[in-house]
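Chains, contacts and geometry: an overview
Here are the chains, one letter per residue:
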Amino acid sequence: MKKFLACAAAVLASLLLAAGGYWLLRQLRPAEDYVTPQETINTGVISAGAVSAYTSDTIPEKEYPMYKSQREDRAVDEALQKEGAKAATWENPAVLVNPYGNSPLTAYIVFHTDKACGVEVQVPGRKAAKNITGRLTKKTKNHRVPVIGLYPGRKNKVRISCLDSDGKKFMTKTVTVETEPLPAELKDAVHTEKKGGSSAYGLTIVSGQSTKYPFAYDENGDVRWYVKMTTGSYGVFPLSNRRLILQTDESLTPTEEKPHTTQMYEIDYLGRVYQVYYVKNGIHHEVIEKTPGGNLLVLTSSIDGHTEDMVIELDRDTGEIVKSLDMREVFDETYENKVDWVHLNTASYRKSDNTVLLSPRNLHAGVRLDWKTNKIKWILANPKMFEGTEQEDKVLKPVGEILWHFQPHSIYEIPFDLDGNPDTVHVMLFDNHWQTKRKVDFFDGRENSYVSVYTINEKEMTVRQEKHFEGVRSIITSNCAYDDESRHMFSFGGYLHPLIRGRKGMIYEFDYATGTVLNQYSTKEYFYRGYEMKIDWKDLAAPMQTEENCVKGTLQAPAEAKLDDYPQEALAQGTASFEKKEAVLYMKTGDHAIDQVAFYGEKHRYLMDYTGAGKGLKKNRKVTYSIAIPLSGMEKETYRIAVRYHGKWYDTGKEVTCHEV
């Protein structure tokens, strides 16, 4: 049945390709030395049993980080059991700094007590910074207590307390936890520009762009957490379970412009890696839960003449794409004159009416649409932007004076009633107030960026501007966040232009009512977004619970094809390298250098085709990265691997064997 479905998919794909895609590709590529492109298919990525199912004597094998985390987690429990009977007691606890090797400012304090109790752990803040405090209320005799928020390069005095059934402390002691200094990349990462009061956030996460490692700083600007895992341009995204999605830079896919990462990990603050998701056409500005604990909304690209123009919904359990929406289905062709014509950078879901709120930056707009019908409900933009388009009647009518946004980022609904009117909703956005990507004649020329809050009456189709908070100019990336308990508004300007004293990012914390700047920080590097760090101490204290299938998602896959004879000329050494993780082959080479990969077996031959991504950009020619190629759809036999490098076929000298699973 699986073979039948695969064949049917291939036939259908070929028909679709014949409708125009092949003609376009032939115009972009020379006729000589060219294998007819085959439309690729989606394939499930195999996890369980795949290590023995796909082997190679010529390609090195690497393991997924989940398995390393699982081994180290078992070691923590083994240490507790072993030491619990010997030395790891309340009087003499064991301290495991950076227990998983990824998060240097974390630790476990492991000990055994004769009487079952709960535990409180506290890392005292210096210079009036908030204490980082966690509570584990479940009574037990064996304790693995997570420590988060240690200061770097110090002997931290961490307080632990035993709690009775009422949560009252009956024993307290201080444990010394020594940490290493910060890596060079994070030294001087944050400067405190203004300190005017207690921050609404105890710890604030910053990541993405040129910030090499995701990190968190406290209200004094001290780095108190980071993971030594490099990310793609868009860093990390918070989940409702108090873990993070981390976009890796381990595999990318070529597009018509810059390459995008095709994989992301779910991690926690201790640095444990739980699972990997693959996304066929890459991931860019947004990964967000549709509902808490539910499916993921991910921004991706069509790679069909355009980039950054699609939103998809991923099944949380399998990683399969359950819905895809191309912005060409939403807007007319008025502005479809660029490769990056729409540039989506935000997506979020509202369950009450099954709608999605998107931020198409290069249309200077926000748009809410029905997730079932894909029809626009309303557009938040200067009405001049959509005059004469098919969407003109969907633009909200302005009430009062409005300072309109230009190339905005991070458009989200504020889920609180700020005006006492049940008929209104409130939307915040980071207004970069920049127009280099889509120049319009109604740009006002202002040179600062803003966080704007709009109040929208969806029944009357009207909008008024509630607030706008002014900051220095940040021309791309950036986001905002509202804290209802403190009534503070955060502005995360991640890309300053011009720089200020060499600093590349600026963060403000405003009083919402008055607009007063309460706290202000600058960053050494550019960043993508900032978030509050929210910690689930119970989850961090527990042993890892991982699913049997922790490798999920879909990838562009090789399709069976008719190929010419295997090439005889060897690929030059250093041109490309290969490694394998279970059923996924990683090929590292220059951007757009290899546009086809062929797998030659005795009975079957497969083609991996990237010609649909065009030629890319000249400025990326020296960029090298790995492309992930799934092997799970290929029939059982041994395959030699050839590549089409800069227009000519070569023998790589590599082989892979697909066994029966």
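Relevant structure appears above.
Residues numbered from 1 in each chain as written. Predicted model: local features only at pLDDT ≥ 70, side-chain atom pairs only at ≥ 80, totals over all residues. Heavy atoms only, no water.

**Quick notes on the side chain of Thr652**
The criterion, for reference: Counting from the N terminus, the helices are the DSSP runs of H or I reaching at least four residues and the strands are the DSSP runs of E reaching at least two. A 3.5 Å cut-off defines polar contacts: any pair of N or O atoms within that distance qualifies, except that in protein one atom must be a possible hydrogen donor and the other a possible acceptor, and neighbouring residues in sequence count only when both atoms are side-chain atoms.
Structurally, Thr652 can be placed in strand S43 (residues 648-658). Side-chain polar atoms of Thr652 contact the backbone oxygen of Ile641, separated by 2.6 Å. Here the side chain of Thr652 touches Lys654 through a polar contact of 3.2 Å, landing on its backbone nitrogen.

**As for the sheet that holds strand S22 (residues 355-360)**
Defined as follows: Two strands form a pair only when DSSP identifies at least two bridges running between them. Every axis in this analysis is a line fitted to C-alpha atoms, fitted for helices over the stretch in contact. Angles between the N-to-C directions lie between 0 and 180 degrees.
Reading across the sheet, the four strands line up as S21-S22-S23-S24 and stay open at both edges, with antiparallel pairing between neighbours. A strand with exactly one partner marks an edge of an open sheet, and here the two such strands are strand S21 (344-350) and strand S24 (376-380). Put simply, the sheet's adjacent strands are angled 15° from each other on average, direction ignored. As judged from the four bridges shared by S22 and strand S23 (residues 366-370), these two strands associate in the antiparallel manner. Looking across to S23, one finds that Leu358 is bridged to Val367.

**Observations concerning the pairing of strand S38 (residues 584-590)**
Quick reminder of the rule: Partly exposed describes any residue whose relative accessible area lies between the buried limit of under 20% and the exposed limit of over 50%, with all areas from a 1.4 Å probe on protein chains only and scaled to the type maximum.
Burial of S38 is extensive: six of the seven residues sit out of reach of the surface. Two elements, strand S37 (residues 577-581) and S38, share five bridges in a ladder whose sense is antiparallel. Directly across from Glu579, in S38, lies its bridge partner Tyr586. Hairpin connection, S37 to S38: the antiparallel pair is bridged by two residues, and Glu582 has positive phi, about 50°. With seven bridges joining them, S38 and strand S41 (residues 624-630) adopt antiparallel strand pairing. Bridge pairing in S41 links Tyr586 to Ala628.

**Quick look at the pattern of salt bridges**
We count it as follows: Here a salt bridge means any side-chain nitrogen of Lys or Arg lying within 4 Å of a carboxyl oxygen belonging to Asp or Glu.
On inspection of all chains with the given rule, the structure shows 36 salt bridges. Glu313 is the salt-bridge partner of Lys290, the closest N and O atoms lying 3.2 Å from each other. Of this pair, Lys290 sits in the loop between strand S17 (287-289) and strand S18 (296-300) while Glu313 sits in strand S19 (residues 310-314), placing them 23 residues apart in sequence. Per residue, the accessibility class of Lys290 equals that of Glu313, and both read buried. Here Arg446 makes a salt bridge to Asp444, at a shortest N to O gap of 3.7 Å. Judged by its relative accessible area of 37%, Asp444 falls in the partly exposed class.

**Some words on the layout of surface pockets**
It is a probe the size of a water molecule, rolled over the atoms, that shows where empty space is left. For clarity, the threshold we go by: The way it works is a 1 Å grid over only the protein atoms, where trapped points that fit a 1.4 Å probe form a cavity and open points with protein on both sides within 12 Å along at least five of seven lines form a pocket, and then any residue with an atom within 4 Å of a point lines it. Grid points are joined across faces, edges and corners, and a volume is the space filled by probe spheres set on the points. Side-chain classes are defined by residue name, with Ala, Val, Leu, Ile, Met, Phe, Trp, Tyr, Cys and Pro counting as nonpolar, Asp, Glu, Lys and Arg as charged, and the others, Gly among them, as polar.
As a volume, the second largest pocket reaches approximately 1300 Å³. In terms of lining, the second largest pocket is formed by 41 residues, of which the most central are Ile288, Tyr412, Glu413, Pro415 and Lys534. By residue number, the principal contributor to the lining of the second largest pocket is strand S30 (residues 479-483), which donates five residues. For the lining of the second largest pocket, the residue count by class is 20 nonpolar, seven polar and 14 charged.

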